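# Coordinates in review
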Amino acid sequence: MPDPEKMAAVRAALPALAAGIYLNTGSVGPLPAETAAAMAEVELRERDVGRAHPDDVPDLLQRMAEARAGVAAVLGADVGSVALTHATTDAMNAATLLPDWRSGGRAVTTTHEHAGGIGPLIALRDRMGVEVVFVEAGDDGDDERTIAAFDAAITADTRLVAISHVLWTTGAVLPVARIAEIAHARGALLLVDGAQAAGAIPVRLATLGADLYAVPAQKWLLGPEGMGALVVDPGKIDGLVPALGGWLSFERIDGRGDAAWWSDARRFEATGFHRPSVVGMARSIGWLSMHVGLDFVHRRGAASAAAAAARLADIPGVSVLTPTHAMATLVTFRIAGWPAQAALNELGSRVFAIARTIESLDALRISVGFFTSDEELERYTDAVTLLAEHTPTSLPARRTLTILGEG
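Described below are features of the structure shown in this document. (Residues numbered from 1 in each chain as written. Predicted model: local features only at pLDDT ≥ 70, side-chain atom pairs only at ≥ 80, totals over all residues. Heavy atoms only, no water.)

Moving on: empty space enclosed by the protein. One pass over the full model with this rule turns up 1 cavity of 30 Å³ or more. Volume-wise, the largest cavity comes out at about 30 Å³. Residue classes in the lining of the largest cavity are distributed as 5 nonpolar, 4 polar and no charged. (1 Å grid on protein atoms, 1.4 Å probe; cavity = no way out; pocket = protein on both sides within 12 Å on 5 of 7 lines; lining within 4 Å. Points joined across faces, edges and corners; volume = space filled by probe spheres on them. Nonpolar A, V, L, I, M, F, W, Y, C, P; charged D, E, K, R; others polar.)

Here it is, written out as structure tokens:
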């Protein structure tokens, strides 16, 4: 299908795009209509028939297998290396505890990580005395400076290096493979937060070098909230023992009392998965992979994000913080004279743009998806141009329409 026809079909399948210029997939992506229908079908069955029939358990296990297979396909991983979680943060929490910290050690991360990655490291520091080192690098796309900083920070007693694939703040892509080489040479595991990469850009774990890779369902994979995955290097699974183990069911225990799932990444799974959400995660990833096509998703998403960054950079008074030579699909920028929140509010009111701010940088961040149209980006950047030509006090008032009626 030619790109214009494909874009029309894709946008029609994502109803939320009609509500405004959807530029916040880095927080929560638009839900495909097909996914919403599949989840609603499960919810109605649970309401009308119940959730207690013995056949429901094998069916849930099958749906979970489908979700794992979808994640494996997107990341180029083996299905047995995928464990379902309740979110990226859930996966980061579980993975951070996997090294043997009983004798102490060091963990290395950056100062630009999301709270979901920093939180478990701080817990290790405060409760177990683990040394946590924060590297001040990576946000500007200067790979050589980043590598030099990690080379100095990763020592022989480092057990874990925890970083993002794409920083949620500036949108910079970190040189993960090169950091992995340093970590492995010194005996450390590499844990990667893939929240802003999985589904947005091509990811192949075999070449990336990550031992543990955490992903969410609700962002660039366009799935429901409350679902995610932890992907584990198959060669490392046997050496990693989860703190609480996986969840046991009669279907997973053979006659000897051994859990068959203990041999793969399912040992890292918890319990209590919301069945409609499991179905929704599998359906969204399948829709992206088979209906839309990951080549189209990655190609158009990258091109549109690069075009948006270029258009913004050409606007006098706008500073693009995202390194355009090392970017994915996030674009972070400032408008001179405008507090980020004030600019966000104004853009939302004028062109119905749905985006967010990065408070620590007092900047705006837009998430440009494969489904973002050229016309939408033009409207958005035209509105940014208007703001850049004024201050919050000199900006012309928006046109308003008073609707008269009964009551």
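Having put the structure on the table, let's press on.
Counted by the stated rule, this structure contains 4 aromatic pairs. Consider the rings of Y22 and F371, whose centres lie 6.4 Å apart with planes at 85°: the pair is edge-to-face. Note that Y22 is positioned in strand β1 (residues 21-22) and F371 in the loop between β13 (363-367) and α11 (374-388), a separation of 349 residues in sequence. The pair Y22 / F371 is uniform in exposure class, with both members buried. Measuring from centroid to centroid gives 5.2 Å for F370 and F371, while their planes differ by 75°, and the two rings are edge-to-face. Through a chain of ring-to-ring contacts, three or more aromatic side chains come together here, namely Y22, F296, F370 and F371. (Phe/Tyr/Trp six-rings, centres within 6.5 Å; stacked < 30°, edge-to-face > 60°. Helix = DSSP H or I, 4+ residues; strand = E, 2+ residues; numbered from the N terminus. Buried < 20%, exposed > 50% of the residue type's maximum accessible area, 1.4 Å probe, protein only.)

In spatial order, the strands read β9-β10-β13-β12; together these 4 strands make up an open sheet with antiparallel pairing. Two strands lie at the open edges of the sheet, namely β9 (318-320) and β12 (356-358), each paired on one side alone. The mean angle between the axes of side-by-side strands here comes to 35°, regardless of whether they run parallel or antiparallel. Here 4 bridges tie strand β10 (residues 330-335) to β13, and the two strands are oriented antiparallel to one another. Looking across to β13, one finds that T332 is bridged to R365. (Pairing = 2+ DSSP bridges. Axes fitted to C-alpha atoms, helices over the stretch in contact; angles between N-to-C directions.)

Following the sequence through the fold, G337 ends up in the loop between β10 and α10 (340-351). Separated by 307 residues in the primary sequence, G337 and P30 have C-alpha atoms spaced 32 Å apart.

All right, on to the pattern of salt bridges then. One pass over the structure, following the stated rule, counts 23 salt bridges. For E66, the salt bridge identified is with R63, shortest N-O distance 2.8 Å. With E66 and R63 both in helix α3 (residues 56-75), this residue pair falls 3 residues apart, about one helical turn. When salt bridges that share partners are traced, they join R45, D56 and R275 into one network. (Salt bridge = Lys/Arg side-chain N within 4 Å of Asp/Glu carboxyl O.)

Attention shifts here to helix α6 (residues 143-153). Of the positions making up α6, those classed as buried are T146, I147, F150 and A153. End-on, the buried residues of α6 take up no more than an arc of 130°, which puts them together on one face. With respect to the buried face of α6, the exposed residues turned more than 90 degrees away are E144 and A152. Summarising the contacts, the buried residues of α6 are in contact with β3 (106-110), β4 (131-135), β5 (158-164) and α7 (176-185). (Arc of directions from axis to C-beta. Contact = heavy atoms within 4.5 Å.)

The next point concerns the sheet that holds strand β2 (residues 82-85). The pairing of strands in a sheet happens through backbone hydrogen bonds and is either parallel or antiparallel. Strand order across the open sheet formed by 7 strands is β2-β8-β7-β6-β5-β3-β4, with mixed pairing between neighbours. On the outer flanks of this sheet lie β2 and β4, each paired with one strand and no other. Ignoring which end each strand starts from, the neighbouring axes of this sheet average 20° apart. For β5 and strand β6 (residues 189-193), the ladder comprises 5 bridges, and the chain directions are parallel.

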